[in-house]
There are 2 protein chains.
Amino acid sequence: MSNSNNWERYKNCLYTNETLGLALDYSQIAFPEGYFQEMASLMAETMQMMEELEKGTIANPDEKRMVGHYWLREATLAPNKEIEAEIRQTIEKIQEFGQAVKSGKILSPTGERFSRFLLIGIGGSALGPQLISDALMIKGKEPGKSAGLQAYFLDNTDPDGIDRVLDQLADYLAETLVIVISKSGGTIETRNGMLEVQSYFTARGLDFAGQTVAITTKGSKLDLQAEKEKWLARFYIWDWVGGRTSVTSAVGLLPAILQEIEIMAFLQGARDCDVVTRSAKIRENPAALMALMWYFLVQKESKRNMVILPYRDSLQLLSRYLQQLVMESLGKEKNLEDKIVHEGLTVFGNKGSTDQHAYVQQLLDGTNDFYALLVEVKQDQRAHPVFVEKDVTSGDYLKAFLEGTRAALSRKGRASLTLSLQELTSYTMGVLLALFERTVSIYAGLIKVNAYHQPGVELGKKGANHYIALQRQVLEFLRERKGAAYTAEKLAEELGQPEETELIFKLLEHLYLNKYHKVKKEKGQDLFSGKYFI
Amino acid sequence: MSNSNNWERYKNCLYTNETLGLALDYSQIAFPEGYFQEMASLMAETMQMMEELEKGTIANPDEKRMVGHYWLREATLAPNKEIEAEIRQTIEKIQEFGQAVKSGKILSPTGERFSRFLLIGIGGSALGPQLISDALMIKGKEPGKSAGLQAYFLDNTDPDGIDRVLDQLADYLAETLVIVISKSGGTIETRNGMLEVQSYFTARGLDFAGQTVAITTKGSKLDLQAEKEKWLARFYIWDWVGGRTSVTSAVGLLPAILQEIEIMAFLQGARDCDVVTRSAKIRENPAALMALMWYFLVQKESKRNMVILPYRDSLQLLSRYLQQLVMESLGKEKNLEDKIVHEGLTVFGNKGSTDQHAYVQQLLDGTNDFYALLVEVKQDQRAHPVFVEKDVTSGDYLKAFLEGTRAALSRKGRASLTLSLQELTSYTMGVLLALFERTVSIYAGLIKVNAYHQPGVELGKKGANHYIALQRQVLEFLRERKGAAYTAEKLAEELGQPEETELIFKLLEHLYLNKYHKVKKEKGQDLFSGKYFI
C-alpha cells in the first residue's frame, strides 16, 4: 500500500497542531519540488492583503463593505471602538437571553418553558446553524432528546415542506421559540416562512410576536417589523458580516446556546485558529497550506471538483456548508482586475464510508477531474465499544475504510487531502470552520477574485420577481374579463407581451393546477391550445 | 426573458405524457439541427441492446449476470417461469407481511404492535428506501407522526452515528422492527450495524431474532444466519438485481408498505414508464430524449457535472439517489471494447430554491462545466393556501424561483433540462425512478460502457481489510511483548513491514486515542517518535 519513501513524504507533509486538535496531511498531492518557493511572493502578497482586510480595509470593493467576520471572535481587532463594543454586547445579550430561556426566566406568552425552537432562514442564515446543530448535538437526559431546546428548521418557500415541519411542531407550538434570520431583512423565502408560521400561530390563538426573535441588520425591514410588533427580542448582525461567514455571529451563536452548545469554546476555537492561520510561515499555517494545495490542484491540474468525505455521520452537512462557503465565494465571472475568468470550485459529498457505496466507483475509475478532502474525527465519543470481531470495533472499521479509500485513490493516481480533528467538540468545530473561512480567503487572494460578493444571484431573483408580477397581471386580466377564456398565446398578445408566451403558458398551467387561484381550463386540441378563464 | 422564437422552440422541445404525469423540457439545450438524425443509428443500436437485455441476455459480461430490474414490475417479461414466479411470490409475501404487521397480526416478541422500523443497509440497500420515505411520507393521524411505522436508518459503521440513532429508539425498542438489507449478505458496514443493534437489544433483554427480518440473496451468509437464528422473516433479492436499481424489489417495497405507501401504484408507475421508454420513436421516449441530451452535453460540450435541483423539500434526497445510480453506473475506466475511457458524470445538488442561496452564484458566473436538471412538482399538496402577498402564495414563489433560475441560466448561456411531475404520488415516484434507470441504461449504451458493474470499489475494500488485518497483528505483537514500547518505525521493522510504517503510525495513534484497545503511549521528542505499548 505504501513504501518507505512514502513514509518520509508523509512526515514532511503532515501539518499538526496539538492545541487546535488539528492535522492536515497533504502528502497525497503531487506538487513539484520548489512549488512553495515558486508561490512565495504571490502568497506573501495575499497574506499582506489579508492583514489589511482584517484591519478594516474595504475588501469588498463593489459593495463598499469591510469584511469583519474575524472580529466576531476577537473584538479587539475591530477597526473602531463602536464595532468592538457592539460585538461584545451582542455576545453578552445572547448569553443572557440563552440563559434566561433555558432557566425558565423567559417563558412563552402562555407561561410555558420553551422546549423547541424553529429557525426560519435560508443559505447563510440556515446552513451554519444546521451544521452546528447536527455536528454538536448533545445528548439530553431523556432518550431521543438532545440537551436544551430541540431544533427545527424552515429553509425554503415550499408550502408542502412548511406543512411537514409545522405538523411536527403542532403539539408543541406554545413552547416553541421562533427565530427569524435574514441579514438584509428582505429575503423572500424567509419572509414567506415567517408569514406562514405567523398565520399558523395566529389561527391557533397564539401570540406569535411574544415568542419570536429576529436576527437581522439594525433598521432592516425585518427589524422594523419586529420592533413594531413587539417581538420577544432582536439581535443584530452587521453589513461587514457575509451570510456565508456568519456562523460566529448571532446567526450561529443564538441557536447554539439554546442547544447547550458551548459558544465561548466555539468562539475560542475560531479565535485560536485565526491566530495560527495569520502566520506568514506557510508550513506552520494550515489554511495557507490548504489554499496552496487547492491552487495547485485547481489552477495547475484543472481539478475543479472537490469531494468532501467526512468519516463521521454528524459531519454529513459539512459538504453543504462548504458548498456555499466555497462556491459562492469563488464562483465568479471576473477577477479583481475586471478580467473575465469564470472561476469556480465545485464542492459535493456526504459522508464516509457510506459514499463508498455510492459514487466512489467513479472517483476511482472515472474522470479524474476532482480531488478528495477526507475528514476524520480521530476519537470516537463512545466509551463502551461493541467488538464486531475479535479486537475490532465499528469505529476501527470506519478508520479502516478511510485509509482504504485514501490508499485506493493514491493507487489510482487520484489526489487527496486528509484533515483530522482530534475529537469533535465546540472548540474543534470553531477551529474547523475558521480554517475553511481562512482557506477560502487566501485561495481567493491567490486567484485574485472578490470572495465577498455574489453578484450573480441577483439575476435569478429578478426573474422570480418578473414571474410574480406577470402572475398578478394575468390574474387581474382574467378577473376583469370574467368567463372569457384565453389560450396562452392569445393572452400574451392581449397583454402586449407576445415575447412572454412561454412564461404565460407555464403560469396559466400552474394557476390552473393549484386550485386556490380559481383559474379554470377548457381543454384544447393539443397541449398548447387549452383556454384558461376565471 | 424570452422571445417568440423561444416559444416555438419550447413547443417543439417539450415532451409531455399525461398518463405518466410527466413532462420534459429540453428546449434549453443548444443541440444542433440534425442532431437526432446524426444519432439515429447509434440510438437504434442501443435500443436493440436494451431489448436484448430485457429478454435476459447477459448484459453484465464480466460478472456474467443478467440485468432484470425491469422484470420486477412486469414479471411476465422475466426470461423464465421460475423467475416470474419468484417475483410474484415475493411481492405477495411483502403484502401479506406488511398487512400482518400493520394489522397487529404479527406482533413483537413482547406482544407489542410494531410502531417503528430500523433499516440497516448502505448504498443501494439504503438510498432508495430513504428517498421513498422522505418523498412519500404520509401524514399520520397524530401530528408529527407519519402513517404506518416511523422510519429510522443506519447506513454507516460510525459508532457515534449508531449511538445517536439507537438513542432515538431507546424508549421504543420492543416495538421496533429491524430490517437488515444486504444483497451479498456480507457488506461489512451493514454487518457491523446489525451486530451493534443485536448487542443493544440483547443487553436490554429483548429477543433480537424475533423482531428482525432480512432482505438478501438466498443462501447468503446473512440468509443462513437469519435462518439459523430464526429471524421473524426473510425476503429475497436476486443476483440479476443491482443494488442501485433495487428500489422496485423487496429493498424498496417492504419499507414502503410499512409506511402505508401504495406499493402497487409505485410498481404501476415504474411499469407504465418502462412501456413508454421502450419506444424506438425517440421523440416519444423521455428516457431516450434525456439520454440524448446528456450525450450532447457531456460528450460534445464536456459538461461533466449534472446539478440536480428539485424545487420541493421532499425530493431533497433525489440527488443522493441519482449520485449513486448515475456515478456508479457511468464512472468507468474502460468501455465495453476494453478501451481506457475514464468515463463519468458527476451528480450533486440539494433543493431549490434553497440552493440558490448557496452555490447558484457559481453556476451563473463561474466555470461553465455543468448542466442543471431542474425538477418540479406542479401541484402543491396543500389545499388551504396562505397568501403571502395579494394573489401570491409560497408555492407561487417556489415556481417563480424555478422559472427565475431557469431564465437566468439561459441568459448566462448555461444549459438546463426541466423535468416536471404533475404531482408527487407513489405512482409518479415509480415513473420518476424508472425514467432515470432507463435514461442511465440508454446513455451507457450510447457511450458503450457496462452500467451494471462497479469494479473500482473493490480496491477500497481491500485496503480496509488490509488495515484491519494489520491492526490485529499490531495488537497481538504488543500484547505478546507486554510493557515493551515501540515507535511506529521500530514496530514496522519488527513486523517485517517497513513499507507499512505510515499506516502503522496512524493505526497506533488510532488505537491509543480510542482507549478501549488499552494501547498506551510514551510521548517522544516529536510526533513521530512516540512509543506505544500495552
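Residues numbered from 1 in each chain as written. Chains lettered and ligands numbered in written order. Predicted model: local features only at pLDDT ≥ 70, side-chain atom pairs only at ≥ 80, totals over all residues. Heavy atoms only, no water.

## Considerations on the pairing of strand β12 (residues 370–377) of chain A
All names here are of chain A. In terms of burial, β12 is a largely internal element, eight of the eight residues being buried. Side chains Phe370, Ala372, Leu374 and Glu376 of β12 all project onto a buried face; the interleaved residues Tyr371, Leu373, Val375 and Val377 project onto the opposite face, where all are buried too. Inspection of the sheet shows strand β10 (residues 305–311) paired to β12 by seven bridges, in the parallel sense. Within β12, the residue paired with leucine 309 across the bridge is leucine 374. Pairing geometry for β12 and strand β15 (residues 416–421), over six bridges, is parallel. Within the sheet, the bridge partner assigned to leucine 374 lies in β15 and is threonine 418. (Buried < 20%, exposed > 50% of the residue type's maximum accessible area, 1.4 Å probe, protein only. Helix = DSSP H or I, 4+ residues; strand = E, 2+ residues; numbered from the N terminus. Pairing = 2+ DSSP bridges.)

## Re the sheet that holds strand β7 (residues 176–181) of chain A
Residues and elements named next belong to chain A. What the five strands build is an open sheet, ordered β6-β5-β7-β8-β9; its pairing is parallel. Both edges of this open sheet fall to β6 (150–154) and β9 (233–237), since each of them pairs with a single strand only. In this sheet, neighbouring strand axes are inclined to one another by 20 degrees on average, regardless of whether the strands run parallel or antiparallel. Relative to β7, strand β5 (residues 116–120) runs parallel, the two being bridged by five bridges. (Axes fitted to C-alpha atoms, helices over the stretch in contact; angles between N-to-C directions.)

## What to know about the confidence of the model for chain A
Mean pLDDT over chain A: 96, with 99% of residues reaching 70 or higher. Interface confidence for the predicted complex, expressed as ipTM, amounts to 0.97; the pTM equals 0.97. (pLDDT = per-residue confidence, 0-100.)

## Some points on the pairing of strand β1 (residues 14–17) of chain A
Of the pairings in the sheet, the one linking β1 of chain A to strand β2 (residues 22–25) of chain A comprises four bridges and is antiparallel in character. Each residue of the ladder has a partner; that of tyrosine 15 of chain A, found in β2 of chain A, is leucine 24 of chain A.

## Considerations on the sheet that holds β15 of chain A
Strand pairing in a sheet is mediated by backbone hydrogen bonds. Such pairs are either parallel or antiparallel. Residue and element names in this part refer to chain A. Reading across the sheet, the six strands line up as β1-β2-β15-β12-β10-β11 and stay open at both edges, with mixed pairing between neighbours. The open sheet is flanked by β1 and β11 (346–348), the only strands paired with a single partner. Strand-to-strand twist across the sheet, computed as the mean angle between neighbouring axes with direction ignored, equals 15 degrees. Against the sheet, helix α13 (residues 394–411) contacts β2, β10, β12 and β15, and its axis sits at roughly 160 degrees relative to β12. (Contact = heavy atoms within 4.5 Å.)

## Topic: the domain arrangement of chain A
All names here are of chain A. Structurally, chain A comprises domain 1 (3–56 + 267–453), domain 2 (69–261) and domain 3 (456–533). Each of domain 1 and domain 2 has a C-alpha centre, and these two points are 30 Å apart. Facing the 33 residues of domain 1 at the interface are 26 residues of domain 2. Together, the buried faces of domain 1 and domain 2 total about 2500 Å²; carbon and sulfur atoms form 62% of this surface. Counting every contact that joins domain 1 to domain 2 gives three salt bridges. Residues aspartate 274 and arginine 73 are paired through a salt bridge, measuring 2.7 Å at the closest nitrogen-oxygen approach. (Domains from an automatic or database assignment. Buried area = accessible area lost by both parts, 1.4 Å probe. Salt bridge = Lys/Arg side-chain N within 4 Å of Asp/Glu carboxyl O.)

## Quick look at the relation of the copies chain A and chain B
After a rotation of 180 degrees and a shift along the axis of 0.0 Å, chain A superposes on chain B with an RMSD of 0.0 Å. In symmetry terms, the pair is related by a two-fold rotation axis. Among all residues of chain A, the one whose C-alpha sits closest to the rotation axis is phenylalanine 348 of chain A, at a distance of 3.1 Å. Mapped onto chain B, 100% of the interface residues of chain A again fall at the interface, so both copies present the same surface. (Least-squares fit on C-alpha atoms with pLDDT ≥ 70 in both.)

## Examining the interface of chain A and chain B
The interface is formed by 147 residues belonging to chain A together with 147 residues belonging to chain B. Overall, the association of chain A and chain B removes approximately 13300 Å² of surface from exposure, summing both partners, and the carbon and sulfur fraction of that is 53%. Put simply, chain A and chain B have 30 salt bridges between them. Notably, a salt bridge pairs aspartate 163 of chain A with arginine 382 of chain B, separated by 2.8 Å at the nearest N-O pair. Between the two partners, chain A and chain B, sit 99 residue pairs in polar contact (both at pLDDT 80 or more). Top element by residues in the side of chain A that touches chain B is α13 of chain A. It accounts for 14 residues. Split by residue class, the side of chain A that touches chain B holds 45 nonpolar, 52 polar and 50 charged. (Polar contact = N/O pair within 3.5 Å; in protein donor to acceptor, adjacent residues only side chain to side chain. Nonpolar A, V, L, I, M, F, W, Y, C, P; charged D, E, K, R; others polar.)

## Considering the packing of α13 of chain A against helix α17 (residues 501–513) of chain B
Interaxial distance between α13 of chain A and α17 of chain B falls to 11 Å at its minimum, and their mutual angle equals 155 degrees. Classified by the interaxial angle, the pair formed by α13 of chain A and α17 of chain B is roughly antiparallel. Like other packed secondary-structure pairs, α13 of chain A and α17 of chain B cross with a definite hand, here right-handed. From α13 of chain A, Gly395, Asp396, Lys399, Glu403 and Arg406 of chain A reach across to α17 of chain B, where they touch Glu502, Leu503, Lys506 and His510 of chain B. (Parallel < 35°, antiparallel > 145°, perpendicular 65-115°, else oblique. Left-handed = near helix turned anticlockwise from the far one by under 90°.)

## Considering the packing of aromatic side chains
Taken as a whole and judged by the stated rule, the model has 47 aromatic pairs over all chains. Relative to phenylalanine 36 of chain B, the ring of phenylalanine 31 of chain B has its centre 5.4 Å away and its plane inclined at 75 degrees; by these criteria the two rings are edge-to-face. Phenylalanine 36 of chain B shares its class with phenylalanine 31 of chain B; the two are buried. Look at phenylalanine 201 of chain B and phenylalanine 208 of chain B: their rings are 5.8 Å apart centre to centre, the planes differ by 85 degrees, and that puts the pair in the edge-to-face class. The pair phenylalanine 201 of chain B / phenylalanine 208 of chain B is uniform in exposure class, with both members buried. Site record: aromatic cluster; members linked through ring pairs are Tyr26, Phe31, Tyr35, Phe36 and Phe296 of chain A. Residue placement shows arginine 438 of chain B over the ring face of tyrosine 70 of chain B; its charged tip is 4.0 Å from the ring centre. Stacked on the ring of phenylalanine 477 of chain B, the Lys or Arg arginine 481 of chain B has its end atom at 3.7 Å from the ring centre. (Phe/Tyr/Trp six-rings, centres within 6.5 Å; stacked < 30°, edge-to-face > 60°. Lys NZ or Arg CZ within 6 Å of the ring centre and 35° of its normal.)

## Considerations on the environment of glutamate 189 of chain A
On the secondary structure map, glutamate 189 of chain A appears in helix α6 (residues 188–203). Using a relative accessible area of 3% as the deciding quantity, one classes glutamate 189 of chain A as buried. Taking the C-alpha atoms as reference points, glutamate 189 of chain A and glycine 121 of chain A, 68 residues apart in sequence, are found 7.7 Å from one another. Not counting chain neighbours up to four residues away, the residues in contact with glutamate 189 of chain A comprise Ile122, Asn156 and Thr157 of chain A together with Ser353, His357 and Phe401 of chain B.

## Some thoughts on the state of the cysteines
All names here are of chain A. Applying the stated criterion to the full structure yields zero disulfides over all chains. Cysteine 273 supplies the cysteine sulfur nearest to cysteine 13, a cysteine that is in no disulfide, at a spacing of 20 Å. For cysteine 13, a relative accessible area of 4% gives the class buried. (Disulfide = S-S within 2.5 Å.)

## Thoughts on the side chain of glutamine 28 of chain A
Residues and elements named next belong to chain A. Here glutamine 28 lies in the loop between β2 and α2 (35–55). For glutamine 28, a relative accessible area of 17% gives the class buried. Side-chain polar atoms of glutamine 28 contact the side chain of serine 410, separated by 2.9 Å. Look past the residues within four positions of glutamine 28 in its chain and what remains in contact with it is Arg406, Ser410, Ala415 and Ser416.

## Some details on the pattern of salt bridges
Counted by the stated rule, this structure contains 88 salt bridges over all chains. Across the salt bridge formed by glutamate 494 of chain A and lysine 490 of chain A, the nearest N and O atoms sit 3.7 Å from each other. Highlighted residues: glutamate 494 of chain A and lysine 490 of chain A, both in helix α16 (residues 488–494), separated by four residues, approximately one helical turn. According to the relative accessible area criterion, glutamate 494 of chain A is partly exposed, its value standing at 40%. Connected through shared salt-bridge partners, Asp25, Glu376, Lys399, Glu403 and Arg406 of chain A together with Glu502 and Lys506 of chain B make up one network.

## A few points about a positive patch on the surface
A cluster of basic residues, Lys482, Lys515, Lys518 and Lys520 of chain A, forms a positive patch at the surface. Take lysine 482 of chain A: it is sitting in the loop between α15 (457–480) and α16. (Patch = residues over 30% accessible without salt bridge, like charges linked within 9 Å, V, L, I, M, F, W, Y side chains within 5 Å. Areas by Shrake-Rupley, 256 points an atom, 1.4 Å probe, with all protein chains shown as cover. Lys, Arg positive; Asp, Glu negative; His and termini not counted. Charge placed at Lys NZ, Arg CZ, Asp CG, Glu CD.)

## Digging into unusual backbone geometry
Residue and element names in this part refer to chain A. Cis geometry marks the peptide bond from glycine 352 to serine 353; its omega dihedral reads 0 degrees. Mapped onto the secondary structure, serine 353 falls in the loop between β11 and α12 (360–365). If you check the backbone angles, lysine 64 has positive phi at about 50 degrees while not being a glycine. Looking at where lysine 64 falls in the secondary structure, it is placed in the loop between β3 (58–60) and β4 (65–66). Although it is not a glycine, lysine 518 sits at a positive phi angle of roughly 65 degrees. Topologically, lysine 518 is positioned in the loop between α17 (501–513) and β16 (520–522). Taking the relative accessible area as the measure of exposure, lysine 518 reaches 56% and is therefore exposed.

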